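Listed below are the residues making up each chain.
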Amino acid sequence: MALPLYDSQPARRVPWVTYLLVAVNVVVFLFTPMANFPSWYGSGKERECNAARFAFEHGAVPKELTTGRQQPMRGEIVEECGVAEYRKTPWVSAFTSMFLHSGALHLLGNLIALFVVGMGVEDRLGRLRFLLCYLFFGLVAVYGFAYVSPDSTVPLIGASGAIAGVLGAYLVLNPRGRIVSLVPPVIVVRLPVWVVLGYWFVLQWLSLGDEESNVAYVAHIAGFIAGLAVAIVARRTGPSRRALALSRG
C-alpha cells in the first residue's frame, strides 16, 4: 500500500489551521492515558483501565448519541476495572472524540493524511471555512456511524472521520492533483489523487463486513461522502478562477 508523503502542488498561503489541528491532536494525545506519558494515570493494568474509562467518558458512544442519554459502562471493562463515576453530555462527546486516539500509530496515520491533503483544502476553502468543514465532517462521520449502529455501547474515538471528509473535499477541489507517495520498499512516485484516494475508499467499502476489526469504516465512508458533497457545493458557489486571478492583480 502506498504511503502518501506530500501534495505536489504547494499551497498559496501558510496553512495555519492545518498546523493547528495537527498540534492540538498531538498535545491532547500526550495528556491522555493512551499516550503512556502522563505518570498520574498509573502503569500496567491501572493505566489500561484508566484509558478504557477515558474513552467511555470522552469518546462518542453510538447509543448515547441516538438516545441523548448517558449509558452506564458495561462488559469486560466493568468486570476488570470496576465502574467509573462521571457525567457527560453525549453531543459534546461527538466533538471531543475527534481529538482522541488509541495509540501513537493511530495518531500518526491520521496526522500524515491530514498534513498531506489538509493544506490544499485549506488553501482553496479559506481558513475559517476549512475549520468549520473539518468539524462538520467529523460530526457527520460520528453520527453516521451511530445511525448504522444505534445500540452500540463501544466508544468511537479518532480524527479519521473528519480527515476522511478532508480527503473527499480534496478529490473534488483538486481532481488533477498528484500526491507524492512511498511505495514499499523504497520507491517514491507521484500518483494521481484519484488513484490514491479511490484506492483508499474502495478499501473502506470492502472492509465493511469485517466484524473482527475495531475500525469504524462506516464513519470513514460517511465523512468522505460529506467532504465530496461540501466541496461540490463550494466549487459551484465560489468565485470563478478568472475572478480570483483578476482580484489578485
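All figures in this text were calculated on a predicted structure; none of them were measured in a lab. In this convention, every chain numbers its residues from 1, walking through the sequence in written order. This being a predicted model, a pLDDT of at least 70 is required before a residue's local features are given, and a value of 80 or more before pairs of side-chain atoms are given or counted; all residues contribute to the totals for chains, interfaces and linings. Heavy atoms from the whole structure form the basis of all side-chain values; hydrogens and water molecules are not counted.

Student: Just to check I follow, could you spell out the side chain of H220 for this structure?
Tutor: Within the secondary structure layout, H220 lies in helix α10 (residues 217-237). Per-residue accessibility, obtained with a 1.4 Å probe over protein chains only, is compared with the maximum for each type, and a residue is labelled buried under 20%, exposed over 50%, and partly exposed between these values. When its relative accessible area of 10% is taken as the criterion, H220 is described as buried. In this text, helices come from DSSP runs of H or I with a minimum length of four residues, and strands from runs of E with a minimum of two, each type numbered from the N-terminal end.

Student: Honestly, the nonpolar core in this entry has me stumped. Any pointers?
Tutor: Generally speaking, soluble globular proteins have nonpolar side chains that are buried together. If you look at the biggest cluster of nonpolar residues, it comprises 45 residues, and the most contacted ones within it are L114, V121, F130 and Y134. The set of elements that each furnish at least two residues to this core consists of α1 (16-30), α2 (45-58), α6 (104-125), α7 (127-148), α8 (160-173), α9 (193-206) and α10. Among the elements that make up this core, the one with the highest residue count is α8 (nine residues). Two residues form a contact once any of their heavy atoms are found within 4.5 Å. In contact with V121, not counting residues within four places along its chain, are G126, F130, V166, A169, Y170 and L173. Formed by 10 residues, the second largest nonpolar core is a distinct cluster that contains A60, A94, A216 and A219. The nonpolar core is taken to be a set of buried Ala, Val, Leu, Ile, Met, Phe, Trp, Tyr and Cys residues, with the residues joined through side-chain atoms within 4.5 Å.

Student: When you look at a nonpolar patch on the surface in this model, what are you seeing that I'm missing?
Tutor: For patch detection, residues must exceed 30% relative accessible area and be free of salt bridges, and they are connected within 9 Å for like charges or within 5 Å for nonpolar side chains (Val, Leu, Ile, Met, Phe, Trp, Tyr). Here the Shrake-Rupley method, with its probe set to 1.4 Å, supplies the accessible areas, and only the displayed protein chains count as covering residues. Salt bridge criterion: a side-chain nitrogen from Lys or Arg within 4 Å of a carboxyl oxygen from Asp or Glu. Side chains of V26, V27, L30, F31, F37 and W40 sit close together on the surface and give an oily, nonpolar patch of about 620 Å² of accessible area. Along the chain, F37 falls in the loop between α1 and α2.

Student: Help me out: how do you make sense of the pattern of salt bridges in this one?
Tutor: Note on pairing: side chains with opposite charge can pair once their charged atoms come close. Applying the stated criterion to the full structure yields five salt bridges. With its nearest N and O atoms 2.9 Å apart, the salt bridge here joins E80 to K45. Remark: K45 occurs in helix α2 and E80 occurs in helix α4 (residues 76-81); sequence separation between them is 35 residues. Between R124 and D123 there is a salt bridge, with the nearest N and O atoms lying 4.0 Å from each other. For R124, a relative accessible area of 30% gives the class partly exposed. A single salt-bridge network, built from bridges that share partners, covers R13, D123 and R124.

Student: Any chance you could explain the packing of aromatic side chains here in plain terms?
Tutor: The geometry of an aromatic ring pair is captured by two quantities: the separation of the ring centres and the angle between the planes. When two rings of Phe, Tyr or Trp (its six-membered ring) have centres within 6.5 Å they constitute a pair, described as stacked for plane angles under 30 degrees, edge-to-face for angles over 60, and tilted for the intermediate range. Tallied over the full model, the rule gives eight aromatic pairs. Considering the side-chain rings of W200 and F224, the 5.6 Å spacing of their centres and the 45 degrees angle between planes classify their relative orientation as tilted. Of this pair, W200 sits in helix α9 while F224 sits in helix α10; the two residues are 24 residues apart in sequence, bridging distant segments of the chain. Among the residues examined, F224 registers a relative accessible area of 4% and is labelled buried.

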